[in-house]
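For reference, the chains in residue letters:
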Amino acid sequence: MAEMVTSSDFQSKVLEADGPVMVDFFATWCGPCKMLAPVLEEVASEVAGKAAVYKLDIDESPDIARRYGVMGVPTLIVFQNGEPTNKAVGVQPKQTILGMLS
């Protein structure tokens, strides 16, 4: 299951993580975000132990969304060693999301 991350724990959970971390920048009012949610849950289950998947509510943590230039939701960003390495905006198919993490 994709866990929530906020401004207060973003540093420890995402930037200091061992291995790749995908963050789904979303909003509760966003229809496409709701469509993407079950796909992300599947991905999180499949990559468990190899990569982490987190969700960040842009309305609750706008500082993080601004820092990474998130202009639309959903936006998926993969972080490796504290740096963003891959980014996709909009609903993505499961295979694309898995490919972003490999």
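Please refer to the structure higher up on the page.
Per chain, the residues get numbers from 1 upward, laid out in the order the sequence is written. With pLDDT at 70 or above as the cut-off, local features in this predicted model cover only qualifying residues; side-chain atom pairs require 80 or more to be listed or tallied, and sums for whole chains, interfaces and linings still use all residues. Remark: hydrogens and water are excluded; side-chain values derive from all non-hydrogen atoms of the structure.

**Remarks on helix α2 (residues 31-47)**
Note on helix geometry: an α-helix contains 3.6 residues per turn, so any two residues three or four positions apart are oriented the same way.
Okay, so step 1: The first and last C-alpha atoms of α2 sit 25 Å apart over 17 residues, in line with the 24 Å expected at 1.5 Å per residue.
Okay, so step 2: Two axes enter the definition of the bend at a residue: one is fitted to the seven residues ending there, the other to the seven starting there, and the bend is the angle between them. Under the DSSP-based scheme used, a helix requires at least four consecutive residues in state H or I and a strand at least two consecutive residues in state E, with every element numbered from the N terminus. The axis of α2 is deflected most strongly, by about 30°, at A37, and proline P38 appears within four residues downstream.
Okay, so step 3: Type-normalised accessible area, obtained with a 1.4 Å probe on protein chains alone, sets the label of each residue: buried when under 20%, exposed when over 50%, and partly exposed for intermediate values. Residues of α2 that are buried: C33, L36, L40, V43, A44 and V47.
Okay, so step 4: Close packing links the buried residues of α2 with β2 (21-26), β3 (52-57), β4 (75-80) and α4 (94-101).
Okay, so step 5: G49, located one to two residues past α2, shows a positive phi value of around 90°. Given a helix with a known number of residues, its expected span is that number minus one, times 1.5 Å. Every residue pair with non-hydrogen atoms within 4.5 Å of one another is taken to be in contact.

**As for the sheet that holds β3**
The strands making up a sheet associate through backbone hydrogen bonding, with each pair oriented either parallel or antiparallel.
Okay, so step 1: At least two DSSP bridges between two strands are needed for those strands to be called paired. A sheet is described by the order of its strands in space; here five strands give the open sequence β1-β3-β2-β4-β5, paired in mixed fashion. Lying at the two open borders of the sheet, with one neighbouring strand each, are β1 (3-4) and β5 (83-89).
Okay, so step 2: By the bridge criterion, five bridges tie β2 to β4 in an arrangement that is antiparallel. Note that in β4 the partner of D24 across the bridge is L76.
Okay, so step 3: Against the sheet, α2 contacts β2, β3 and β4, and its axis sits at roughly 155° relative to β3.
Okay, so step 4: As a rule, the C-alpha atoms of each element are fitted with a line to give its axis, helices using only the stretch in contact, and angles between N-to-C directions run from 0 to 180 degrees. Contacts from α4 reach β2, β4 and β5 within the one sheet, and its direction differs from that of β4 by about 25°.

**Regarding the pairing of β5**
Okay, so step 1: Bridge analysis of β4 against β5 gives six bridges, and the strand direction is antiparallel. Within β5, the position partnered with I77 by the bridge is K87.
Okay, so step 2: Counted along the chain from β4 to the antiparallel partner β5, the turn is two residues long, and its residue N81 has a positive phi close to 55°.

**A few points about the packing of aromatic side chains**
Okay, so step 1: Stacked, tilted and edge-to-face pairs are distinguished by plane angle, under 30 degrees for stacked and over 60 for edge-to-face with tilted covering the rest, among Phe, Tyr and Trp rings (Trp via its six-membered ring) whose centres lie within 6.5 Å. Here the structure, examined in full by the defined rule, presents three aromatic pairs.
Okay, so step 2: Between F10 and Y68, the aromatic rings sit 5.8 Å apart at their centres with planes inclined by 40°, giving tilted as the arrangement. Of the two residues, F10 is situated in helix α1 (residues 10-15) and Y68 in the loop between α3 (62-67) and β4; the sequence distance between them amounts to 58 residues.
Okay, so step 3: By the criterion adopted, a ring carries a charge over it if an Arg CZ or a Lys NZ lies within 6 Å of its centre and within 35 degrees of its normal. Between the NZ or CZ atom of K55 and the centre of the ring of F26, over which it lies, the distance is 4.4 Å.

**Let's talk about the nonpolar core**
Buried together is how nonpolar side chains tend to be arranged in soluble globular proteins.
Okay, so step 1: As used in this record, nonpolar core signifies buried Ala, Val, Leu, Ile, Met, Phe, Trp, Tyr and Cys residues forming a set joined through side-chain atoms within 4.5 Å. With 22 residues, the main nonpolar core has F10, V14, V23, F25, Y68 and F79 as its most contacted residues.
Okay, so step 2: Of all the elements in the fold, those that place two or more residues in this core are α1, β2, β3, α3 and β4.
Okay, so step 3: A per-element tally of this core places β2 first, with four residues.
Okay, so step 4: In terms of nonpolar packing, the next biggest core, distinct from the first, is built from 16 residues, L40, A88, I97 and L98 among them.

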